[in-house]
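Overview (structure and organization)
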Amino acid sequence: MNVIDRNIGKPSTSANITQRAEALSARLRAVGERAFPPTAQKSLRSFTSGEVAEIVGVSDGYLRQLSIDGLGPTPDLGNGGRRSYSLEQINELRRYLATARPKEAVRFFPQRRSGEKLQVITVANFKGGSAKTTTSVYLAQGLALQGYRVLAIDLDPQASLSAMFGYQPEFDVAENTTLYGAIRYDEERVLMKDVVRPTYFTGISIVPGNLELMEFEHQTPRFMLQNRGKAEDLFFRRVAGAIAQVEDDFDVVVVDCPPQLGFLTMGALNAATGMIVTVHPQMVDVASMSQFLLMTSDLVSVIEEAGGRLDYDFLRFLVTRHDPRDVPEQEIVGLMRDVFGADVMSATAWKSTAIANAGLTKQSLYELTRGAVGRSTYDRAMESINAVNDEVVGLLNQVWQR
């Protein structure tokens, strides 16, 4: 009896997966091009005088008088004489106010001064869905709006952070232009400045990611076997070494870590001066975070035994996707505060349809007007986002002794 091979003519599993990945990538690109046509570049909206007054910390009336007196940047005038400012003009306004009111210079123009060290903040957890990328996006953009020079580093091969800043990983990020290009082990390694790119969001530069980052995970074990004992080549020093090449250009580096504790994450942990662990307030997520902390502790011990040093200025737990009206979630948040005390950030990142809806078009709420997603929904979400960012700014000020 002949046995029929039902697999004859059937595509392999890898071919099936590749076909579906390519189809999905093409569809996602088509969706992106409808929102942002190839002939157009993603750009940041202008801000009303009321928004600018709140961002900078002065009254709208004061801004109006500056405009009348011809002081500071000249705002654009719209219908009905409404004044608006680009982010470039907001930064120009900050510089003017820092000069005109020198006693408040640090408040208006907070870029780090001589002697203040670069802050490298890693956003980490090895459980997907804890809002690491969302936290990284809103933190980077919020800091840029406050006048800081920010470098965002996408260490996740899935590259969602890159996509949010307008870089589609399959099409816009070429070979050797991720962080891997600056930390690889062979002669093709490039300088960090060669992988740093500008973004449409004034004040933010990015090192984008894509699947190429996985090469570091694959190549590191081989390199370690071939180069035992060479301290200068230890893998966990490479991320810090790359960042050090451009540290004079930035005040804060925000690193979006992948959802696993691999060699890239260990490098980011060694480079960090501060760490934010994102956690969704569900029992399964908190249990997962417990394992993450235990594994991180073990890995940190390995790094320290090999000569590395993790001396964080702060370690904080951020509750994300939080519904403050949900009683079980409130109980879990209370449990975390009992266990970790002040290390749990006072502000929580609320669950919001406004944030989710903005993300559908790879935008943040900072890029949208209040009317785009509903005023009350927008205001509630922004209240939560700004509270988290303000708390981080407070931590930076403590480190810089301001």
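Residues numbered from 1 in each chain as written. Predicted model: local features only at pLDDT ≥ 70, side-chain atom pairs only at ≥ 80, totals over all residues. Heavy atoms only, no water.

Some points on the environment of Gly203
Locating Gly203 in the fold gives a position in the loop between strand E6 (197–198) and strand E7 (204–207). Note on Gly203: relative accessible area 31%, which makes it partly exposed. Considering only alpha carbons, one finds Gly203 and Phe250, 47 residues apart in sequence, at a separation of 9.1 Å. Excluding its chain neighbours within four sequence positions, the residues that come into contact with Gly203 are Ala144, Tyr148, Arg149 and Val150. (Helix = DSSP H or I, 4+ residues; strand = E, 2+ residues; numbered from the N terminus. Buried < 20%, exposed > 50% of the residue type's maximum accessible area, 1.4 Å probe, protein only. Contact = heavy atoms within 4.5 Å.)

As for the sheet that holds strand E5 (residues 150–154)
In spatial order, the strands read E6-E7-E5-E8-E4-E9-E10; together these seven strands make up an open sheet with mixed pairing. Every interior strand has two partners, whereas the edge strands, E6 and strand E10 (314–319), have only one. Pairing geometry for strand E4 (residues 119–124) and strand E8 (residues 252–256), over five bridges, is parallel. Bridge pairing in E8 links Val123 to Asp256. (Pairing = 2+ DSSP bridges.)

With respect to the pattern of salt bridges
Oppositely charged side chains can pair when the atoms bearing their charge come close. In total, this model carries 13 salt bridges according to the counting rule given. Here Arg101 and Glu104 are joined by a salt bridge, their closest N and O atoms 2.8 Å apart. Take Arg101: its relative accessible area is 25%, and that puts it in the partly exposed class. What you see here is one network of salt bridges that share partners, running through Arg101, Glu104 and Arg107. (Salt bridge = Lys/Arg side-chain N within 4 Å of Asp/Glu carboxyl O.)

Considerations on unusual backbone geometry
In most cases, non-glycine residues show a negative phi, while peptide bonds are predominantly trans. Notably, Ala131 is not glycine yet its phi reads approximately 70 degrees, a positive angle. By the element assignment, Ala131 lies in the loop between E4 and helix H6 (132–145). Take Ala131: its relative accessible area is 18%, and that puts it in the buried class. A positive phi angle, close to 55 degrees, is found at Lys362, a residue other than glycine. Judged by its relative accessible area of 25%, Lys362 is partly exposed.

Here's the deal with the packing of aromatic side chains
Under the counting rule described, the total for this entry stands at nine aromatic pairs. Centre to centre, the rings of Tyr185 and Phe216 are 5.5 Å apart; their planes meet at 10 degrees, and the pair counts as stacked. Note that Tyr185 is positioned in the loop between helix H9 (179–183) and E6 and Phe216 in helix H10 (residues 214–226), a separation of 31 residues in sequence. Assessed through its relative accessible area of 17%, Tyr185 is described here as buried. Through pairs of rings, three or more aromatic residues link up here, namely Phe165, Tyr200 and Phe201. Sitting over the ring of Tyr62, Arg101 keeps its end group 5.2 Å from the ring centre. Across from the ring centre of Phe223, 5.8 Å away, lies the NZ or CZ of Arg238, which sits over that ring. (Phe/Tyr/Trp six-rings, centres within 6.5 Å; stacked < 30°, edge-to-face > 60°. Lys NZ or Arg CZ within 6 Å of the ring centre and 35° of its normal.)

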